[in-house]
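Results of the structural survey
So you can see what is in the structure, the chains are spelled out below.
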Amino acid sequence: MKRLILLSLAFVAAMLSWAVTIPSDFRIVCKDGSVAYFCGRGTELTFNEEGTVLYIQTEGQDAVVSYAVDGIEAVEFTQSGKTYDAYDYAGDHIDVALSSSDDTSFTEVKENVITDENHDDYGDFIENYKPKNTVVITYKEGKATYTGKPSGVSVIVNGNHVTVTSAKSDIAYTLKGTTTNGSFKLYSDKKAQITLDGVSITNPTGAAINIQSGKTMMIKLADGTTNYLEDGKSYTLEGTEQQKGTFFSEGQLIFSGKGTLNVKSNYGHGIVSDDYVRVRGGNITINSVRDGISTSDRFIMYDGVVNITAQQDGIDVDEGYIEIGGGQLTVNAVDEGITASYEGDENSGIVDPLITPYIDIKGGLIKVVTTGDKGHGVRAMSTFYMSGGIVQATTKGAGSKALMSEGGMSLTGGKVTVLTEGSALYEDSDLSSSAGIRSKGVLTMKNIVLGIKSTGTGSKGINNVGDVVVENCRATIIASGATHKSNGLDSRSRGVDTDGNLTLNGGVMLVRSYDEPLQLKGELSFLNNAVYNGYQIEE
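Thresholds applied
Residues numbered from 1 in each chain as written. Predicted model: local features only at pLDDT ≥ 70, side-chain atom pairs only at ≥ 80, totals over all residues. Heavy atoms only, no water. Helix = DSSP H or I, 4+ residues; strand = E, 2+ residues; numbered from the N terminus. Buried < 20%, exposed > 50% of the residue type's maximum accessible area, 1.4 Å probe, protein only. Contact = heavy atoms within 4.5 Å. Areas by Shrake-Rupley, 256 points an atom, 1.4 Å probe, with all protein chains shown as cover. Phe/Tyr/Trp six-rings, centres within 6.5 Å; stacked < 30°, edge-to-face > 60°. Lys NZ or Arg CZ within 6 Å of the ring centre and 35° of its normal. pLDDT = per-residue confidence, 0-100. Core = buried A, V, L, I, M, F, W, Y, C linked by side-chain atoms within 4.5 Å. Salt bridge = Lys/Arg side-chain N within 4 Å of Asp/Glu carboxyl O. 1 Å grid on protein atoms, 1.4 Å probe; cavity = no way out; pocket = protein on both sides within 12 Å on 5 of 7 lines; lining within 4 Å. Points joined across faces, edges and corners; volume = space filled by probe spheres on them. Nonpolar A, V, L, I, M, F, W, Y, C, P; charged D, E, K, R; others polar. Pairing = 2+ DSSP bridges.

1. A few points about the overall build of the chain
When you go through the chain residue by residue, the secondary structure sums to 2 helices and 56 strands. Counting across all 539 residues of the chain, residues that qualify as buried make up 55%. Long-range contacts, defined here as pairs at least 24 residues apart, represent 61% of the contacts in the chain between residues at least 6 apart. When the accessible surface of the chain is summed, it comes to about 22,100 Å², and 44% of that surface belongs to carbon and sulfur atoms.

Laid out in structure tokens, this is it:
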């Protein structure tokens, strides 16, 4: 049985801003009783932005016929001896898919170089760092060599394992050459610049680069170079020193330049900072047996290209926030794609109120795929903000969520396309549904293009705890999986499921669901000619 549920302030606006191709001859039935017949396959129906005019283009005909919407009673066509309503047909044939055009159409926020020396972020910009001395380390078969040794700097070479101890500021280290059994370790209480100039370092017993310093490290990828770092399958630790990944630092890591960096981890994470990571340029590819990028305080990206394949999380900030304003970020992970994961002290459970694990997307192109059960594409343990850019998120595991916020969610610009494939998951005597968007707070969507397609059994398009406010959006939401039944429990597929109210203020929301298009505990409100069309399909 197919049933059309229509709640709209504009009749026939089911295809508003969408084009629907009718596969056979059809007819327009007008309210005055007259009938207009149109013949020819490939006939396309489209509407103007306001939903007041229907345009008809028949294959092989140059002319476009227009009809005023308020004068139309029905649009019908016959196929295989059966008569269909064109609007119902449109509901059955709407779809959501990832678009390759997103690769070139995303917006970015320009990052301004801080020139005020008193600003907290002044030290994050390589433009402000003027090294006076350079140490060049060249890795080669047998033993590494170096040139330059400023006073206050000690360089110890053991084969291709190089250890530098520096008490001097304004130093730049340049690494070049190749070793399959080497490393670079730095002890210092001063910030420094490290230029990767076509270097390849594999360390069979630990990190390839190990920065035992809490100070800022400017990591410059020399223009036109390709650099490679790989750790071992086990680590030999020295005392209480940590080395948590292939590229490890106790302090901040600031990446810039126009070169390429390839990182492979066999034991630890890919890139690790016990402070924060900032990406301002370069082309970085990470293949990790654990997390791709792991930081404590924050992850910031405004330029560059980062590609991550991780067997655990793609990017994990465990005590801070994530801010993305530009660049291209691609993540393929098993557990969490991108997460600000702070929930409290891992030992005591005490929550520090000064730590706000939010995510703020202002621009850029973000593509995320996760495969694990109960995984998340992008997850904030606090508020999730998005004001620009493009996000594509696909989750494949049972009980997974594409976009997740433990607080509220505010999407006020850009484009979001999310796909979930997993079924509901039975765990701890409960069913956890997959969902395109899951928010535990007020969900606000304004001036965005939204596409959600959840195909697993018992899945939801939007699953929210709190009110949902949709303003001037173009939203297409599909929850096509059948009802999920397990251990005496049912999880029904729903387009929008919220404990609160749903307010539509302008714009268009088109929903198709196997079970209920809408499930509200509150009220449904329409403002400013908002259009909602919901379609339920039951087999």
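The discussion continues.
2. Considering unusual backbone geometry
Although it is not a glycine, Asp 170 sits at a positive phi angle of roughly 60 degrees. With respect to the secondary-structure elements, Asp 170 resides in the loop between strand 13 (160-166) and strand 14 (171-179). Backbone geometry at Ser 429 places phi at a positive 60 degrees, although glycine is not the residue there. Assignment of secondary structure puts Ser 429 in the loop between strand 41 (425-427) and strand 42 (430-432).

3. Topic: the environment of Asp 275
Take Asp 275: it is sitting in the loop between strand 23 (269-273) and strand 24 (276-279). For Asp 275, a relative accessible area of 16% gives the class buried.

4. Some details on the packing of aromatic side chains
The final tally for this structure, using the stated rule, is 5 aromatic pairs. With a centroid separation of 4.6 Å and 50 degrees between ring planes, the pair formed by Tyr 235 and Tyr 267 is classed as tilted. Of this pair, Tyr 235 sits in the loop between strand 19 (226-230) and strand 20 (245-249) while Tyr 267 sits in the loop between strand 22 (260-265) and strand 23; the two residues are 32 residues apart in sequence, bridging distant segments of the chain. Using a relative accessible area of 13% as the deciding quantity, one classes Tyr 235 as buried. Looking at Tyr 267, the relative accessible area reads 42%, which means it is partly exposed. Considering the side-chain rings of Phe 247 and Phe 255, the 5.9 Å spacing of their centres and the 75 degrees angle between planes classify their relative orientation as edge-to-face. Over the aromatic face of Tyr 276 sits the side chain of Arg 298, whose NZ or CZ is 3.8 Å from the ring centroid.

5. Some details on the confidence of the model for the chain
Reading predicted coordinates in detail is not appropriate for stretches of low pLDDT. Averaged over the chain, the pLDDT score is 87; the fraction of residues at 70 or greater is 86%. This model gives residues 1-18 a pLDDT under 50, and the stretch forms 65 contacts once residues within four places in sequence are excluded.

6. Structural notes on the nonpolar core
Of all hydrophobic cores here, the largest spans 87 residues; its most connected members are Phe 184, Ile 271, Phe 299, Leu 403, Ile 437 and Met 445. Examining the composition of this core, we find that 5 residues originate from one element, strand 16 (residues 192-202), more than from any other. Ignoring sequence-local partners within four residues, the contact set of Met 445 consists of Leu 411, Ile 437, Leu 450, Ile 462, Val 468, Val 469, Val 470, Glu 471 and Cys 473. With 6 residues, the next largest nonpolar core counts Cys 30, Leu 54, Ile 56 and Ile 72 among its residues.

7. Let's talk about the pattern of salt bridges
Evaluation of the coordinates by the stated rule reveals 21 salt bridges. Of the charged contacts, one joins Asp 103 and Lys 367 as a salt bridge, the two residues approaching to 2.6 Å between their closest N and O atoms. Here Lys 367 lies in strand 34 (residues 365-370) and Asp 103 lies in helix 2 (residues 102-105), a separation of 264 residues in the sequence. Among the residues examined, Asp 103 registers a relative accessible area of 30% and is labelled partly exposed. In this structure Lys 367 comes out as partly exposed when scored by relative accessible area, which is 25%. Of the charged contacts in the structure, one is a salt bridge between Arg 492 and Asp 515, with a shortest N-O distance of 3.6 Å. With Arg 492 in the loop between strand 50 (489-491) and strand 51 (494-498) and Asp 515 in the loop between strand 53 (508-513) and strand 54 (516-520), this residue pair connects regions lying 23 residues apart in the sequence. Residue classification places Asp 515 among the buried positions, given a relative accessible area of 3%.

8. With respect to the layout of surface pockets
Size it by volume and the largest pocket reaches roughly 570 Å³. Taken together, 25 residues form the lining of the largest pocket, with Leu 431, Ser 432, Ser 433, Arg 438 and Asn 463 sitting closest to its centre. Mapped onto the lining of the largest pocket, the elements with two or more residues apiece are strand 38 (401-405), strand 42, strand 43 (435-440), strand 46 (460-465), strand 50 and strand 51. Here the element with the most residues in the lining of the largest pocket is strand 46; it accounts for 4 residues. Grouping the amino acids of the lining of the largest pocket by side-chain chemistry returns 4 nonpolar, 9 polar and 12 charged.

9. Quick notes on the pairing of strand 6 (residues 53-57)
Because side chains alternate across strand 6, one face comprises the buried residues Leu 54 and Ile 56, and the other comprises Val 53, Tyr 55 and Gln 57, none of which is buried. Here strand 6 pairs with strand 7 (residues 64-68) via 5 bridges, running antiparallel. Across the sheet, the residue bridging to Val 53 is Ala 68, located in strand 7.

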